[in-house]
Amino acid sequence: MRTWHEMRGFPLAVRLLLVNQLGVNTGFYLLIPYLATHLGENLGMSAAVVGIVLGVRNLSQQGLFIIGGSAADRLGARGVIIAGCALRTVGFALFALGDGLPVLLAASVLSGLAGALFNPAVRAYLAQEAGERKAEAFALFNVFATTGALVGPLLGSALLLVDFRTSALTAAGIFAVLTVAQALVLPARKVEPSGSGVLGDWREVVGNRAFLAFSLAMVGMFTLENQLYLLLPDGAREATGWDGAAGIVFLVGTVANLAFQLRITGYLKSRNDRARWIAVGLAVMALAFLPPVLAPGAVPVLASALLLCLGIMIASPFVMELIPRFGRPELTGTYFGIFYVVSGIAAAVGNTVVGWAMDAGESAGRAWLPWVCCAVFGAASAGGVAWLRRRGALPAPAEPVREKADA
């Protein structure tokens, strides 16, 4: 009830974007987690070819976030959101209708490009529409996104009882509905010129040393968030010997998010000093990986999942609130785009390191190794943000700060 009450307090555009994120994550997660199995088992592709198809999708999205962010600043976030949803409709439909490698690669490129367009654009639009209630808006955004990430796999597993084509067409249908909804309901906003070319915008953002330092300090957050899909499910399966235990990890995170996200954000926002809470959230995320080190079993893994979700709930809304305040409002999309390029690279590198630690720990009989590795990632990020806060390099929530050269 609190979620719906908070949601009604925002303009129609914000409410639509929240529902949009629920649909985006539902459509994405009902298809993508099962794509590798479809390519390998149903289409008989080799592991190398499957890796190429999945890698092309990921590269198309992560590498082009900066394009989506710049497009949102120059063309208007509304049009970029609509274009992104439409492209993903086509991309997911191609996964359903095509079996050949060229078609599948085209589907991967289109679906990845779609994410690169609407992800920074949605966040830029949300930040602009929410005004000084950015933290609450992004807290709600997390609630809807997390719910979609749970509903999607459940719906996908049910649709796969029919076949993969049905699952892909359903995902495409969800994005088609979202495309129409954005076109009909999302208000257009006047685009303020940035006063320079695209390359000039990029130079300005990349030259903002405070922002770049903050983006690098957040490497741990995105690496640890990804462990909800890698280390924690694996730990749950190892502890119980039951494949379904991975689903319990997702369920615990979703229930915790629905129950506590808005309360946590509201409580902490009233105490100001957002940077401190970001550092605290990252520290909690680091501590989340210690219970399985201290004691084996399912309960420590579930405690780890709860603590990790708690840390994300503390930090994430304030991170999203802070990003636009590093620079001019005309470059909000570009700031989000470059931030997500950095985070995408960080998540890829971080997951590689954690994956290596999982293999090395298993072969050497040191099951604690990947958990300690994640704790170190989180502690390093928490320390980085705390250091930036002490240096005064982070913008205050009340007003934008362009750049601090001493960061």
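Placed above this text is the structure.
All of the points below concern the structure found in this document. Being a predicted model, the structure only gives us computed values, none of them experimental.

Some words on the overall build of the protein
When its secondary structure is counted, the protein shows 19 helices and zero strands. Its C-alpha atoms give the protein principal-axis dimensions of roughly 50 × 50 × 40 Å. Within the protein, counting contacts between residues at least 6 apart in sequence, those at least 24 apart form 82% of the total. Roughly 16,700 Å² of accessible area belongs to the protein as shown, and the carbon and sulfur atoms make up 67% of that amount. Where the 29 positive side-chain charges of the protein centre and where its 23 negative ones centre are 8 Å apart.

Examining the packing of helix α2 (residues 12-29) against helix α7 (residues 101-130)
The N-to-C vectors of α2 and α7 enclose an angle of 150°; their axes lie 10 Å apart at closest approach. By the angle between their directions, the pair α2 and α7 is classed as roughly antiparallel. The crossing of α2 and α7 is left-handed. Every residue of α7 that contacts α2 at Ala 13, Val 14, Leu 17, Asn 20, Gln 21 and Val 24 is listed here: Phe 118, Val 122, Tyr 125, Leu 126, Glu 129 and Ala 130.

Points about the packing of aromatic side chains
In this structure the tally under the stated criterion is 15 aromatic pairs. For the ring pair Phe 138 and Phe 336, a centre distance of 6.2 Å and an interplane angle of 40° mean the geometry is tilted. In this pair, Phe 138 sits in helix α8 (residues 134-159) while Phe 336 sits in helix α18 (residues 332-364), placing the two residues 198 residues apart along the sequence. Comparing Phe 138 with Phe 336 shows no difference in burial state: the two are buried. Centroid distance Phe 339 to Tyr 340: 5.7 Å. Interplanar angle 90°. Geometry classified as edge-to-face. This pair shows no difference in class: Phe 339 is buried, exactly as Tyr 340 is.

Re helix α11 (residues 209-217)
An α-helical turn contains 3.6 residues, so any two residues separated by three or four positions project in the same direction. Listing the buried residues of α11 in full gives Ala 210, Phe 211, Phe 214, Ser 215 and Ala 217. Looking down the long axis of α11, one finds its buried residues gathered within 160° of arc, a one-sided arrangement. Elements in contact with the buried residues of α11: α10 (198-206), α12 (219-225), α15 (274-287), α17 (298-322), α18 and α19 (369-391).

Quick notes on the packing of α7 against α18
Packed helices, taken two at a time, are described by the angle between their axes plus the distance between the axes. Where α7 meets α18, the closest approach of the two axes is 8 Å, and the angle between their N-to-C directions is 135°. By the angle between their directions, the pair α7 and α18 is classed as oblique. Classified by chirality, the crossing of α18 by α7 is right-handed. Counting all contacts with α7, which are made through Pro 120, Arg 123, Ala 124, Ala 127 and Gln 128, the residues of α18 involved are Thr 332, Gly 333, Phe 336, Gly 337 and Tyr 340.

Comments concerning the environment of Met 320
Take Met 320: it is sitting in helix α17. A C-alpha to C-alpha distance of 7.9 Å links Met 320 and Lys 134, two positions 186 residues apart in sequence. The residues touching Met 320, leaving out its near neighbours within four places in the chain, are Arg 123, Phe 138, Phe 336, Phe 339 and Tyr 340.

Digging into the nonpolar core
Looking at soluble globular proteins, one finds that nonpolar side chains tend to be buried together. In terms of nonpolar packing, the biggest core is built from 117 residues, with Phe 214, Met 218 and Phe 339 touching the most fellow members. Per-element accounting of this core gives the leading share, 13 residues, to α7. With residues near it in sequence (within four places) discarded, Phe 339 still touches Phe 211, Phe 214, Ser 215, Met 218, Phe 222, Val 319, Met 320 and Ile 323.

Re the pattern of salt bridges
Tallied over the entire structure, the rule returns ten salt bridges. For the salt bridge of Arg 325 with Glu 132, the shortest nitrogen-to-oxygen distance reads 3.2 Å. On the criterion of sequence distance, the pair formed by Arg 325 in the loop between α17 and α18 and Glu 132 in the loop between α7 and α8 is long-range, its members being 193 residues apart. Taking relative accessible area as the criterion, Glu 132 reaches 47% and is therefore assigned partly exposed.

About the criteria used
- Within any chain, residue numbers begin from 1 and follow the written order of that chain's sequence.
- Where totals are concerned, whole chains, interfaces and linings use all residues; where local detail is concerned, this predicted model gives features only for residues with pLDDT of at least 70, and gives and counts side-chain atom pairs only at 80 or more.
- Each side-chain value is worked out from all heavy atoms of the structure, with water and hydrogens disregarded.
- Runs of H or I in DSSP of at least four residues are treated as helices and runs of E of at least two as strands, each being numbered from the N terminus.
- Whether two residues touch is decided by their heavy atoms; if any such pair falls within 4.5 Å, the residues are in contact.
- The Shrake-Rupley method, run with a 1.4 Å probe, gives the accessible areas here. Residue values count only the displayed protein chains as cover.
- Under the convention used here, Asp and Glu are negative, Lys and Arg are positive, and both His and the chain ends fall outside the count.
- Charged groups are reduced to one reference atom each: NZ for lysine, CZ for arginine, CG for aspartic acid, CD for glutamic acid.
- In this analysis, axes come from line fits to C-alpha atoms, helices being fitted only over the stretch in contact, and the angle between any two N-to-C directions falls in the range 0 to 180 degrees.
- Should an angle fall under 35 degrees it is taken as roughly parallel, and over 145 as roughly antiparallel, whereas 65 to 115 is taken as roughly perpendicular and any remaining angle as oblique.
- For a crossing to be left-handed, the near helix must be turned anticlockwise from the far one by less than a right angle; the clockwise case is right-handed.
- Whether two aromatic rings pair depends on their centres lying within 6.5 Å, for rings of Phe, Tyr and Trp, where Trp uses its six-membered ring; planes under 30 degrees apart make the pair stacked, over 60 edge-to-face, and the rest tilted.
- Think of it in three bands: residues with accessible area under 20% of the maximum for their type are buried, residues over 50% are exposed, and the middle band is partly exposed, with areas taken using a 1.4 Å probe on protein chains only.
- Here the arc refers to the directions that run from the helix axis out to each C-beta atom.
- The criterion is simple. A nonpolar core is a set of buried Ala, Val, Leu, Ile, Met, Phe, Trp, Tyr and Cys residues joined through side-chain atoms within 4.5 Å.
- Whenever a carboxyl oxygen of Asp or Glu lies within 4 Å of a side-chain nitrogen of Lys or Arg, that contact is scored as a salt bridge.

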